[in-house]
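Spelled out from the first residue to the last, the chains are:
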Amino acid sequence: MFGLGSSLHWPGAPPSVLQVALAFGLAIGTLVQAFGHVSGAHINPAVTLAFMVGSQISFLRTVFYMGAQLLGAVSGAAILQGLTPFEVRGNLSVNGVRNFTVCL
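As the structure is a prediction and not an experimental result, all values here were calculated from the model.

So, how was this worked out
- Residues numbered from 1 in each chain as written.
- Predicted model: local features only at pLDDT ≥ 70, side-chain atom pairs only at ≥ 80, totals over all residues.
- Heavy atoms only, no water.
- Helix = DSSP H or I, 4+ residues; strand = E, 2+ residues; numbered from the N terminus.
- Buried < 20%, exposed > 50% of the residue type's maximum accessible area, 1.4 Å probe, protein only.
- Contact = heavy atoms within 4.5 Å.
- Areas by Shrake-Rupley, 256 points an atom, 1.4 Å probe, with all protein chains shown as cover.
- pLDDT = per-residue confidence, 0-100.
- Axes fitted to C-alpha atoms, helices over the stretch in contact; angles between N-to-C directions.
- Parallel < 35°, antiparallel > 145°, perpendicular 65-115°, else oblique.
- Nonpolar A, V, L, I, M, F, W, Y, C, P; charged D, E, K, R; others polar.
- Expected span 1.5 Å × (residues − 1).

1. Regarding the overall build of the chain
The helix and strand inventory of the chain stands at five helices and zero strands. When its helices and strands are written in sequence order, the chain yields α-α-α-α-α. Burial statistics for the chain: of 104 residues in total, 19% are counted as buried. Residue pairs at least 24 apart in sequence account for 46% of intrachain contacts in the chain once pairs closer than 6 positions are excluded. Surface accessibility of the chain: about 7,800 Å² in total, with carbon and sulfur atoms responsible for 70%.

Structure follows, in structure tokens:
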């Protein structure tokens, strides 16, 4: 929620790449410190899947971890959408498709 919130396009001050990177990095660091002892810091489904493929965790634990991770992501996005005004949130990011001209 905090990482995505940092990338919203607020009218007075659009975010810089450094601000977004710091928000994501600090959020991940905080999650690892807070919940690392519970799940071994599995905060990303890709990491959890890699641990299952490497036979480090069971299939059932993988399903529960990934379910919790996805539920947390959807919940965070829903809370963020509910808290931010429509003009700011748009599609919940400043990312978009841009046309780039390649000069050779």
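2. Details of the confidence of the model for the chain
The predicted coordinates ought not to be read in detail in places where the model reports low pLDDT. Across the chain, the average pLDDT comes to 81, with 87% of residues at 70 or higher. Per-element confidence in the chain is highest for helix H3 (residues 45–53), whose mean pLDDT is 91, and lowest for helix H5 (residues 86–89), whose mean pLDDT is 76.

3. Thoughts on the packing of H3 against helix H4 (residues 59–83)
The contact between H3 and H4 brings their axes to 9 Å, and the two run at 175 degrees. Between H3 and H4, the angle is such that the two are roughly antiparallel. Residues Pro45, Thr48 and Met52 of H3 pack against Phe59, Thr62, Tyr65, Met66, Gln69 and Leu70 of H4. In the contact of H3 with H4, the residues fall into six nonpolar, three polar and no charged.

4. Thoughts on H4
Owing to its 3.6 residues per turn, the α-helix brings residues three or four apart onto one side. Here H4 spans 36 Å end to end across 25 residues, near enough to the 36 Å set by a 1.5 Å rise per residue. Buried residues belonging to H4 abut helix H1 (2–6), helix H2 (17–39) and H3.

5. So, unusual backbone geometry
Positive phi values are uncommon outside glycine, yet Ala41 reaches one of about 65 degrees. Structurally, Ala41 can be placed in the loop between H2 and H3. A relative accessible area of 23% places Ala41 in the partly exposed class. Here the phi dihedral of Ser55 falls at roughly 60 degrees; this positive angle occurs in a residue that is not glycine.

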